[in-house]
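Remarks on the overall topology
These are the residues of each chain, in order.
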Amino acid sequence: MLQSTRPLEGITVISLEHAIAAPFCTRQLADLGARVIKIERPGVGDFARGYDTRVSGLSSHFVWTNRSKESLTLNVKDEDGKKIIAKLLEEADVLVQNLAPGAAAGLGLSAAVLHKKHPRLIVCDISGYGEDGPYRDKKAYDLLIQSEGGFLSVTGTRDDMAKAGCSIADIAAGMYAYSNILAALIKRGRDGKGSHIDLSMLEALTEWMSFPMYYAYQGASQPVRSGAEHATIYPYGPFTAGDGKVVMLGLQNEREWKVFCEVVLQDPALAADERFSNNSRRHENRDALRALILKMFADMTAEQVVARLDEAQIANAHVSTMQDIWDHPQLAARGRWTEVGSPAGALPALLPPGVNDSYDYRMDAVPALGQHTDGILASLGYGAEQIAAMRERGAV
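Note that the structure is predicted; figures quoted are calculated from it, not measured.

**As for a nonpolar patch on the surface**
There is a patch of nonpolar side chains on the surface, built from M213, Y214 and Y217 and spanning about 400 Å² of accessible area. Under the relative-accessibility criterion, Y217 is labelled exposed at 53%.

Quick look at the structure:
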């Protein structure tokens, strides 16, 4: 167990958050040691708590994005609620919010207002489309941003588009909010000044569109949806072996194509076939090539195919299910699993990506709704009778 100070210890984050984007951002800040105070609605909380009950009665989304946080239930529209937020912000380093557009400003929590009182505060506003522009007030759920951001146009089969199996628009926004906040903290360490970060899900996901966007530069046709295959490189995708199991493989250059023919397909002459002599021609004739590959694989098990691919040093992978991930030998060998507490008891948790040799990640419990309310309010100077009175009228 490493004992060095985590990078964000001593940093306090106040978050008016729900769903995935902002909670994922702040969970990563908590991973690095920040104190994250999550403000939730009294009696209801973050609506992601109710998405499902798959993790011992808790929501899978909530468990993933909310460990190591303190839950404070607070009616942010109540006068006492506003005073409590004001007191919290006096000692805060970062405010994160992904309320509806304009909601934070309506509560007096815009960066312009806050920076007059707290010039060192970093304010990160996460929204679907950003704080201005014609789409500012549109609702923006993950699937809608996948659609608006062009992701659906290049994902799926030729006949049917497909969404990503996880909330990639939310995740992208959470990642960029996290990295922007880290950059703002570094900047503040140099000049002593806070920042305002205006982060949109659309812009985060559009950044990820990468090669498909440039592939369609100046009106050129965009990549055709190609299922689990690569849109422009072939062979690169899933192939079924004789035992019915699927192997994913990918070739990157002509040297690998030659070795693939010699070692894997055991047909060296195929490398010189004019139909397949470079990637563009293999792409044009992928149906014919696919038939040849599947014919060879039909007499082999998936593990035999993988063995030949490994012998040829051709990139390959199993098509893992979620159960395979829980049991994955590589994750186990690298000690990537730990446990965190929760209202339902100890739960397995994957350590954050990136092994740092100077500190351990913070991996504390997933909070119950309002679990830390009394303690936080007491630390702000509120007595037990005051807290009870505020709870009685729904302020906390």
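So that's the structure; there's more coming.
**Comments concerning the packing of aromatic side chains**
All told, the structure shown has ten aromatic pairs when counted by the stated rule. Plain terms: the ring middles of F47 and Y51 are 6.0 Å apart, the flat faces sit at 50° to each other, and that makes the pair tilted. Given the relative accessible area of 37%, F47 is considered partly exposed. A centroid spacing of 5.2 Å and a plane angle of 70° characterise the contact between Y129 and Y135, whose relative ring orientation is edge-to-face. Owing to a relative accessible area of 35%, Y135 belongs among the partly exposed residues under this scheme. Each residue in the set Y234, F239 and F297 is aromatic and connected to the rest through ring pairs, giving one cluster. Taking the ring centre of Y135 as reference, the NZ or CZ of K138 above it sits at 5.6 Å.

**A word on helix α12 (residues 286-297)**
Residues separated by three or four positions in an α-helix point in the same direction, a consequence of the helix having 3.6 residues per turn. Relative to the 16 Å expected for twelve residues at 1.5 Å per residue, α12 spans 16 Å between its end C-alpha atoms, a close match to the ideal helical length. Within α12, the full set of buried residues consists of R286, L289, I293 and F297. Down the axis of α12, the smallest arc covering the buried residues is 75°, so these residues share one side. In α12, the exposed positions that point more than 90 degrees away from the buried face belong to D287 and K295. Considering only its buried residues, α12 is in contact with β7 (236-240), β8 (246-250), α10 (254-264), α11 (279-284) and α13 (302-311).

**Thoughts on the sheet that holds β8**
Spatially, the three strands line up as an open sheet ordered β7-β8-β9, and their pairing is antiparallel. Bordering the open sheet on either side are β7 and β9 (315-318), each of which pairs with just one other strand. The mean inter-strand angle of the sheet, taken between neighbouring strand axes irrespective of direction, is 25°. Two elements, β8 and β9, share four bridges in a ladder whose sense is antiparallel. Residue pairing for β9: V247 is matched across the bridge by H318.

**Some words on the sheet that holds strand β5 (residues 122-127)**
Pairing is parallel in the open sheet, where six strands are placed in the order β3-β2-β1-β4-β5-β6. The sheet is open, and its two edges are formed by β3 (69-73) and β6 (195-200), each paired on a single side. Mean inter-strand twist for the sheet, computed between neighbouring axes without regard to direction, equals 20°. Bridge count between strand β2 (residues 35-40) and β3: five bridges; the pairing is parallel.

**Structural notes on the pairing of β5**
The buried fraction of β5 is high, at six of six residues. Burial along β5 is two-sided: the residues I122, C124 and I126 and V123, D125 and S127 are all buried. Pairing of β5 with β6, which is carried by six bridges, proceeds in the parallel orientation. The residue bridging C124 from the neighbouring strand is I197, located in β6.

**Notes on the environment of N279**
The residue N279 is located in helix α11 in this model. Setting aside anything within four residues of it in sequence, one finds N279 in contact with T232, I233, Y234 and E254.

**Remarks on the pattern of salt bridges**
The final tally for this structure, using the stated rule, is 22 salt bridges. D78 serves as the salt-bridge partner of R393, at 2.6 Å between the closest nitrogen and oxygen. Here the residue R393 occupies a position in the segment after α17 (384-392), and D78 occupies one in the loop between β3 and α3 (79-90), the gap between them amounting to 315 residues. Judged by its relative accessible area of 14%, D78 falls in the buried class. For the salt bridge of R391 with D374, the shortest nitrogen-to-oxygen distance reads 2.8 Å. Highlighted residues: R391 in helix α17 and D374 in helix α16 (residues 373-379), separated in sequence by 17 residues. For R391, a relative accessible area of 38% corresponds to the partly exposed category. Take D374: its relative accessible area is 39%, and that puts it in the partly exposed class.

**Topic: the side chain of N66**
Mapped onto the fold, N66 is located in the loop between α2 (60-65) and β3. With relative accessibility at 0%, the residue N66 sits in the buried group. Within the structure, the side chain of N66 is placed 3.1 Å from the backbone oxygen of F62, a separation counted as a polar contact. Among the polar contacts made by the side chain of N66, one reaches the side chain of T65 at a distance of 2.9 Å. Those residues in contact with N66 that lie beyond four places of it in its chain are E17, P23, R27, K38, D46, A365, V366 and P367.

**Here we look at the packing of α10 against α13**
In the contact formed by α10 and α13, the axes pass within 9 Å of each other and the chain directions differ by 130°. Considering the angle they form, α10 stands oblique to α13. Regarding α10 and α13, the two cross each other, and that crossing is right-handed. Residue-level inspection shows F260, V263 and V264 of α10 in contact with α13, the latter providing R308, L309 and E311. Tallied by class, the residues present in the contact of α10 with α13 amount to four nonpolar, no polar and two charged.

Basis of the calculations
- Residues numbered from 1 in each chain as written.
- Predicted model: local features only at pLDDT ≥ 70, side-chain atom pairs only at ≥ 80, totals over all residues.
- Heavy atoms only, no water.
- Patch = residues over 30% accessible without salt bridge, like charges linked within 9 Å, V, L, I, M, F, W, Y side chains within 5 Å.
- Areas by Shrake-Rupley, 256 points an atom, 1.4 Å probe, with all protein chains shown as cover.
- Salt bridge = Lys/Arg side-chain N within 4 Å of Asp/Glu carboxyl O.
- Buried < 20%, exposed > 50% of the residue type's maximum accessible area, 1.4 Å probe, protein only.
- Phe/Tyr/Trp six-rings, centres within 6.5 Å; stacked < 30°, edge-to-face > 60°.
- Lys NZ or Arg CZ within 6 Å of the ring centre and 35° of its normal.
- Helix = DSSP H or I, 4+ residues; strand = E, 2+ residues; numbered from the N terminus.
- Expected span 1.5 Å × (residues − 1).
- Arc of directions from axis to C-beta.
- Contact = heavy atoms within 4.5 Å.
- Pairing = 2+ DSSP bridges.
- Axes fitted to C-alpha atoms, helices over the stretch in contact; angles between N-to-C directions.
- Polar contact = N/O pair within 3.5 Å; in protein donor to acceptor, adjacent residues only side chain to side chain.
- Parallel < 35°, antiparallel > 145°, perpendicular 65-115°, else oblique.
- Left-handed = near helix turned anticlockwise from the far one by under 90°.
- Nonpolar A, V, L, I, M, F, W, Y, C, P; charged D, E, K, R; others polar.

Interpretation in functional terms is not warranted from these geometric data alone.
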